[in-house]
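Residues per chain are reported as follows:
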Amino acid sequence: MDEGGSRLRRRVSVRKRARPSPGEPRQERAEEPGAGSRRRRTAEAQPLQSNDSDEDLFGDCDSFAENSFLAQVDDAERQCMQDPERGAHAAGLGAEGLRGAGGAAAAGGFADWETDEPVSSRRRREEASAQRGPWDGLPSSQVLYFGNAENPPAGAGDRRPEERGWEAPSLDAPIEAFPRSSVEQHQQPDDASSEARRGSEESRRKSLKEHLKSAMTGNARAQTPVFSRTKQLKETLLSEEISVAQKTMESSSDDLGPFYSLPSKVRDLYVQFKGIEKLYEWQHTCLTLNSVQERKNLIYSLPTSGGKTLVAEILMLQELLCRRRDVLMILPYVAIVQEKISGLSSFGIELGFFVEEYAGSKGKFPPIKRREKKSLYIATIEKGHSLVNSLIETGRIGSLGLVVVDELHMIGEGSRGAILEMTLAKILYTSKTTQIIGMSATLNNVEDLQEFLQAECYTSQFRPVELKEYLKINDAIYEVDNKAENGMTFSRLLNCQYSDTLKKMDPDHLVALVTEVIPNYSCLVFCPTKKNCENVAEMICKFLSKEYLKHREKEKHELIKNLKSISGGNVCPILKRTVPFGVAYHHSGLTSDERRLLEEAYSTGALCLFTCTSTLAAGVNLPARRVILRAPYVAKEFLKRSQYKQMIGRAGRAGIDSVGESVLILQEKDKQQVSELISRPLENCYSHLVQEFTKGIQTLFLSLIGLKIATNLDDICHFMGGTLFGVQQKILLKEKSLREITVEWLRDLTEKGLLQKDVVDKPKDESFHITKLGRASFKGTIDLAYCDILYRDLKKGLEGLVLESLLHLIYLTTPYDMASQCVPDWMIYFRQFSQLSPAEQNVAALLGVSENFIGKKASGQAIKKLIRFPFCYLKREDQKFGNFLKTVFSDGVMSFFVMCTFAFLKHCQAHISFLS
């Protein structure tokens, strides 16, 4: 009976309280004349009917009593006959109300008729309710995957009525309604036929009563909808196991429950979704450590492909299901976040928690506060920092039970490392109950990280598949051997017969190296640059035989078709030529949809070779039988030991390959450096808080004061002592103390107008508060090196925003740090500039970009002035610029800056009018 039934029960219970006891005289309601006297005579003539069954079919609802429900039916019928509009309404109501689930729907319909709610609004509400699916509460990221993740047994809710084991009345059963003609006849008085009409009335009323009695009795006797018994038992068992696990974790018992303090369903799901039936020995050891059981912070380090992520997932599920607290997982790249969302959404649906994506333009700040189900936030480094800030600001940081950081070694890499350090330092300072787990394959100075995170450490050298490392110099291949004098031993000569043309095109014998593996096995070729990835992919395909076209031909044809559909019919010409051979490039220039399709095709074996950049080595699960490093360089920088280990770690697929191979191609000139590369230890992780001062220590101080974590000098110094920089300060900045550094950067922020000193009596009590510009900068996560420039640009936009073209808006949303990366061909730029429309040239003049300036640049004159004028108008003439522009738009760089700019405007009161 649901909603209608609940209203009926409440109304009946009120009537029952007002009903006199059996011994007391019954008080009659005031009735309308005529109909009322007939109503009273009926009540006096007929005693109350009792249910002939031993069981009260309707509970508290006296549905068969003449003076209750059916009495209301009589009143409704008489009022319909007296008022044409009311009659039409009641007839429609009867048809609609009785068309539901038997008497339940009828009861709900007549009960609703007594209320003042209009039919139209009720219908709109019911239609809206019907349109809402069972996944409305899920985050959008999880909804994307629930269709693939959930394959429930055919439950009662999804089966036809005849399959449920209970009889559901037909929704289209014919219902007796008042014929309009008969209603009209009753409205015409006729003394001669009054007796006939009265008899006809009683007959119809009796017919309606009998119909209602029959429908309600049938509905009451019908069996309760029986849902899948197996599903009910599984849900009950899961709930009981979670309850037991919670008690076990609260006690000091050594009993770990069915699956490491988790319900046995979790183990079954890992078998079902990931094919994992048994954990490695190191994983069991790590999960049973005393430090893990006591919820101490933990750092663990193992080689790539060792199964680190599974341990983190089990710990996250313990926090979500047993301790009932939220979890944050921080990953380095958007692609890895999306991969993890896809992998864990199915677990969230089955186990009852939310999986929320915080990457690119996705994520809500602060996150939605949920009562029952807990949330797993999967975020990039930048979004994770913003999420933690929002939780601190709203006083909800304590709801975060666990933070997991993958690729912890990135804490020592530039501005992103500084942001990661700030995030972890804030969590440590503001929440003593939040556990931090860090994992990496390439950590060296673990002691510093242990001191910073106040963590235990676990290390192992386990690798499920043996990895053999090789170096290629000319035609010779050497195996890396640490026991040898120079770190390598001769293995074999490369067997290849190259024509003169092929030698010129492929001096490094890449074609020979990859054809030893593909198409039966997969191969990755790491290249120094994105352009080199595309060139190498094309070059290899030029020399592959036509036999490669026949391998998984239908699947590759389908892949090209899908690539066309997601890009409006336009496929990258390089991919169009290479995909039929099973080859593709993989770098940040791909859109997210292109990347997803290519990765799926590689995982299924339709594609057997990827030419890729180093970003693929940082966690995306695309292993290969052989990994080839095109050169010991990333862009123009020589390869680091940690980067090398990350790349070769992709070789060897657990459960598929018995061995993995890596081949590093080098020239004679690089032989000495490569010898040091393969023998030296991993690089240490050092704090970049001070080195990246505008994105590091200055941003940190601004957020500490803005969030009121620390507002005076002593508290800020105390906070800094708990950072990685505080641990390594004696190494990184010997000439200054931590307090001196703090005072210096606070003074700089005050001079920029981002902070303001509070007036205090004692210098020792020096404190600060954040200005409107400062708040806008830290809320918008704007690089402090550009916040004043952005302020001026937006202020100039207030004077006159040109909307005749998109050029002015593109200018305002182009990231400032991209300007230094742009080196256009100025002759092409000059030609494009001269073709701008008058409105677009007005934008250029407004922004201070004159034709004279561009002419001087085109003629080769040295000008120091840096411009941020949009380069998208270069179109396709400048090939050097193609990949750069593709990266800006496809990688979400511009959309992220747009979000930052919008947040900046929102919190900068001077620009509220511009925002509106």
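Look up a bit, the structure's there.
Note that this is a predicted model, so its numbers are computed, not measured. (Residues numbered from 1 in each chain as written. Predicted model: local features only at pLDDT ≥ 70, side-chain atom pairs only at ≥ 80, totals over all residues. Heavy atoms only, no water.)

(A) Structural detail: the overall build of the protein. When you go through the protein residue by residue, the secondary structure sums to 40 helices and 19 strands. Across the 916 residues in the protein, those meeting the buried criterion constitute 48%. The long-range share in the protein, meaning contacts at least 24 apart out of those at least 6 apart in sequence, stands at 73%. A total accessible area of about 46000 Å² is found for the protein, and carbon and sulfur atoms account for 50% of it. (Helix = DSSP H or I, 4+ residues; strand = E, 2+ residues; numbered from the N terminus. Buried < 20%, exposed > 50% of the residue type's maximum accessible area, 1.4 Å probe, protein only. Contact = heavy atoms within 4.5 Å. Areas by Shrake-Rupley, 256 points an atom, 1.4 Å probe, with all protein chains shown as cover.)

(B) Structural context of the side chain of E661. For E661, the position within the fold is in strand 17 (residues 659–666). Contacts of E661, omitting those with residues within four sequence positions, involve L467, K468, Y470, R625, R626, V627 and A651.

(C) Quick peek at the sheet that holds strand 8 (residues 466–473). Read from one edge to the other, the open sheet built from 8 strands follows the order 10-9-8-17-14-11-13-12, with strand pairing classed as mixed. What marks the edges here is a single partner per strand, and that holds for strand 10 (488–493) and strand 12 (583–586). When the angles between neighbouring strand axes are averaged without regard to direction, this sheet yields 25 degrees. With 4 bridges joining them, strand 14 (residues 626–629) and strand 17 adopt parallel strand pairing. Counted as the bridge partner of I628 is V663 from strand 17. Of the strands in this sheet, strand 8, strand 11 (523–526), strand 14 and strand 17 touch helix 26 (residues 641–648), which is tilted by about 145 degrees from strand 14. (Pairing = 2+ DSSP bridges. Axes fitted to C-alpha atoms, helices over the stretch in contact; angles between N-to-C directions.)

(D) Broad picture of the state of the cysteines. All chains considered together, the criterion is met by 0 disulfides. Looking at the unpaired C612, the closest cysteine sulfur is the one in C533, lying at 6.2 Å. Taking the relative accessible area as the measure of exposure, C612 reaches 0% and is therefore buried. (Disulfide = S-S within 2.5 Å.)

(E) Expanded view of the packing of helix 29 (residues 713–721) against helix 31 (residues 738–751). Look at helix 29 against helix 31: their axes get within 10 Å of each other, and the N-to-C directions meet at 120 degrees. As summarised for this structure, helix 29 and helix 31 are arranged oblique, according to the angle between their axes. In the packing of helix 29 onto helix 31, the handedness of the crossing is right-handed. Taking contact as the criterion, the partners of L713, D714, I716, C717, M720 and G721 in helix 29 are, on helix 31, L738, R739, T742, V743 and L746. Per-class residue counts for the contact of helix 29 with helix 31 are 7 nonpolar, 2 polar and 2 charged. (Parallel < 35°, antiparallel > 145°, perpendicular 65-115°, else oblique. Left-handed = near helix turned anticlockwise from the far one by under 90°. Nonpolar A, V, L, I, M, F, W, Y, C, P; charged D, E, K, R; others polar.)

(F) View of helix 32 (residues 772–779). Among all positions of helix 32, only L773, G774, A776, S777 and F778 are buried. Directly after helix 32, the chain includes T781, whose backbone phi takes a positive value near 50 degrees.

(G) Broad picture of the environment of G605. Structurally, G605 can be placed in the loop between helix 25 (592–604) and strand 13 (609–612). Assessed through its relative accessible area of 21%, G605 is described here as partly exposed. Taking C-alpha positions, G605 is 9.7 Å from H551, a pair spaced 54 residues apart along the chain. Among residues more than four places away in sequence, those in contact with G605 are H551 and R552.

(H) Examining helix 37 (residues 851–858) more closely. Listed as buried for helix 37 are F853, I854, K857 and A858. The buried side chains of helix 37 occupy one side of the element, clustering within an arc of 135 degrees when seen end-on. Along its buried surface, helix 37 packs onto helix 35 (826–834). Looking at the residues trailing helix 37, positive phi occurs at G860, about 95 degrees. (Arc of directions from axis to C-beta.)

(I) Structural detail: unusual backbone geometry. For the bond from F365 to P366, the omega torsion is -10 degrees, close enough to zero to count as cis. Mapped onto the elements of the fold, P366 is located in the loop between strand 3 (354–358) and strand 4 (375–379). At the junction of I518 and P519, the peptide bond is cis and its omega measures out at 5 degrees in the coordinates. With respect to the secondary-structure elements, P519 resides in the loop between helix 20 (510–515) and strand 11. Even without a glycine there, the phi angle at R324 is positive, about 55 degrees.

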